[in-house]
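Working through the structure, step by step
So the chains spell out like this:
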Amino acid sequence: MKTHLNTLFVTTEGAYLAKDGQAVAVRVKKETRLRVPLHNLDGIVCFGRVACSPQLLGACAEAGVRVSLLSEHGRFRAAVTGFSPGNVLLRREQYRAADDDARSLAIARSIVLAKIANCRTVVLRGARDATSNERSIALTQVARNLAARVPGARQAKTLDELRGVEGEAATTYFAAFNQLVSVEGEAFRFTKRSRRPPLDPLNALLSFVYTLLMHDARSACEAVGLDAAVGFLHRDRPGRPGMALDLMEEFRPWLADRLVLSLINRRQVQAGGFTTLETGAVTMDDATRKTVLVAWQERKQEVLTHALIDDRTSVGMLPHIQARLIARHLRGDLDAYPPFLWK
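Residues numbered from 1 in each chain as written. Predicted model: local features only at pLDDT ≥ 70, side-chain atom pairs only at ≥ 80, totals over all residues. Heavy atoms only, no water.

A closer look at the sheet that holds strand E7 (residues 66–70)
Heads up, the rule is: A pair of strands is considered paired only if DSSP assigns at least 2 bridges between the two. In this description a helix means any DSSP run of H or I spanning at least four residues, a strand means any run of E spanning at least two, and both kinds are numbered starting from the N terminus. Axis definition: a line fit to C-alpha positions, over the contact stretch in the case of helices; interaxial angles, taken between N-to-C directions, run 0 to 180 degrees. Note on contacts: a residue pair is in contact if any heavy atoms of the two residues lie within 4.5 Å.
Read across the sheet, 4 strands follow the order E1-E5-E7-E8 without closing on themselves; strand pairing throughout is mixed. Both edges of this open sheet fall to strand E1 (6–10) and strand E8 (76–80), since each of them pairs with a single strand only. On average, each strand axis in the sheet is inclined to that of its neighbour by 20 degrees, with strand direction left out of account. Where E7 lies against E8, 4 bridges are found, and the strand directions are antiparallel. Along E8, the bridge assignment pairs Leu 70 with Phe 76. Seen against the sheet, helix H8 (residues 201–224) touches E1, strand E5 (41–47), E7 and E8 and runs at an angle of roughly 150 degrees to E7.

Pasting the structure below:
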């Protein structure tokens, strides 16, 4: 079983990453600022103008350390990864399942049901922690509305029907975000989900954390031998990592969204840390980005009990566990894919 290791985030413009023995050296203006052994890393994420030596990229590929290249604002650009150790038979079975409407629907249904359930849990936690009775009542009603979407997901006969139910549930869930944000004022007010580009600070935070989650989901898929591009809920599209997007869905509410809400409600991020560009896009400054990265890494190191395997594990290991469970289902070892449900 893979162990949870650290992710190295490099945000300094002009930094150069080089191989130094069996370690990665981060150099700024030819001065080594940090040296980290490769065996302590499971990934490197570079933001903006950060360069890597060919020798380091080769060493990372051999060591199974994924290198992701992002824009300075956190938009995914490319990734460098080594040969997948995956069994070709597993990938062939994944392709057969993706081409079978019934099998794809069954796996996608499990993912959507888990996403709705985890959204509902986030909303119920918000209702429990609400500072006013009015807000608690409103959130409890949203949780009921989310629960009402479950029969539709169970009864959906096609992927399009299932996506329709998922979209309705997402609309219901995001409509509750202003009730989940306890900070007064308009700075973190949520109107709608905007992605490319994010049009307000809350959307900027969500998009940034989703990018970090995507890095982990793609790594998890490739580590167990799955093709990260071939999904079941998210169908094939050039350049889209459908399998990684599928794996992300059950983690978005309780891992990504809840982290963003916590950062806002605990005032760890401030409105002054965001800038609106002429295009309308909202970006975060370096200090805010580093605050989010530290909180993300700390969250991944937290420990919980996985109900299915009945064992303690770190949050950062969960995508790898779930990817293995998908692989076991595709191989026929499990009758259905068991998604992760947050309690």
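After that view, the rundown keeps rolling.
Regarding the sheet that holds strand E4 (residues 31–37)
The strand order E4-E3-E2-E6 describes an open sheet built from 4 strands, whose pairing is mixed. If you trace the sheet from one side to the other, it starts and ends with E4 and strand E6 (51–52), each paired once. Across 6 bridges, the pairing between strand E3 (residues 23–28) and E4 is antiparallel. Note that in E4 the partner of Val 24 across the bridge is Val 36. Sitting on the sheet, helix H1 (residues 54–63) touches strand E2 (16–20), E3 and E6, and the angle it makes with E2 is about 65 degrees.

A look at a positive patch on the surface
Let me state the cut-off plainly: Patch building starts from residues that exceed 30% relative accessible area and form no salt bridge, then joins like charges within 9 Å and nonpolar side chains (Val, Leu, Ile, Met, Phe, Trp, Tyr) within 5 Å. A 1.4 Å probe and the Shrake-Rupley method give the accessible areas. Residues count as covered only by the protein chains that appear here. Salt bridges, as used here, are contacts in which a Lys or Arg side-chain nitrogen is within 4 Å of a carboxyl oxygen on Asp or Glu. Charged residues are defined here as Lys and Arg on the positive side and Asp and Glu on the negative side; His and the ends of the chain fall outside this count. A charge is said to be at NZ when it belongs to Lys, at CZ for Arg, at CG for Asp and at CD for Glu.
Judged by side-chain charge, Arg 75, Arg 195, Arg 196 and Arg 237 come together as a positively charged surface patch. In this structure, Arg 196 sits in the loop between helix H7 (177–180) and H8.

Section: the packing of helix H2 (residues 88–99) against helix H3 (residues 101–129)
Two numbers describe a pair of packed helices, the interaxial angle and the distance between the axes. Quick note on the threshold: Here roughly perpendicular refers to angles of 65 to 115 degrees, roughly parallel to angles under 35, roughly antiparallel to angles over 145, and oblique to all remaining angles. Residues are grouped as follows: Ala, Val, Leu, Ile, Met, Phe, Trp, Tyr, Cys and Pro are nonpolar; Asp, Glu, Lys and Arg are charged; all remaining types, including Gly, are polar.
Running from amino to carboxyl end, H2 crosses H3 at an angle of 95 degrees, the nearest separation of the two axes being 5 Å. Compared by their axis directions, H2 and H3 come out roughly perpendicular. Contact residues: Glu 93, Arg 96, Ala 97, Ala 98 and Asp 99 in H2; Asp 101, Arg 103 and Ser 104 in H3. Residues belonging to the contact of H2 with H3 are distributed by class as follows: 2 nonpolar, 1 polar and 5 charged.

Digging into the nonpolar core
Note on soluble globular proteins: their nonpolar side chains tend to be buried together. As a reminder, the rule being used: To form a nonpolar core, buried Ala, Val, Leu, Ile, Met, Phe, Trp, Tyr and Cys residues must be joined to one another through side-chain atoms within 4.5 Å. Any residue under 20% of the maximum accessible area for its type is buried, any over 50% is exposed, and the rest in between are partly exposed; the area is computed with a 1.4 Å probe on protein chains only.
Among the nonpolar cores identified, the biggest contains 92 residues, and Phe 177, Leu 205, Leu 247, Trp 254 and Ile 264 are the most heavily contacted of them. No other element matches H8, which puts 14 residues into this core. In this structure, Trp 254 is in contact with Asn 118, Val 122, Arg 299, Val 315, Leu 318, Phe 340 and Trp 342, ignoring residues within four places of it in sequence. Listed in part, the 19 residues of the second largest apolar core include Leu 41, Ile 44, Cys 46 and Cys 52.

Details of the confidence of the model for the protein
Note the threshold: The pLDDT score gives, residue by residue, the confidence of the prediction method on a 0 to 100 scale.
This prediction gives the protein a mean pLDDT of 86; 96% of its residues lie at or above 70. Within the protein, the element-level pLDDT minimum falls on E8, averaging 77, and the maximum on helix H5 (residues 150–155), averaging 94.

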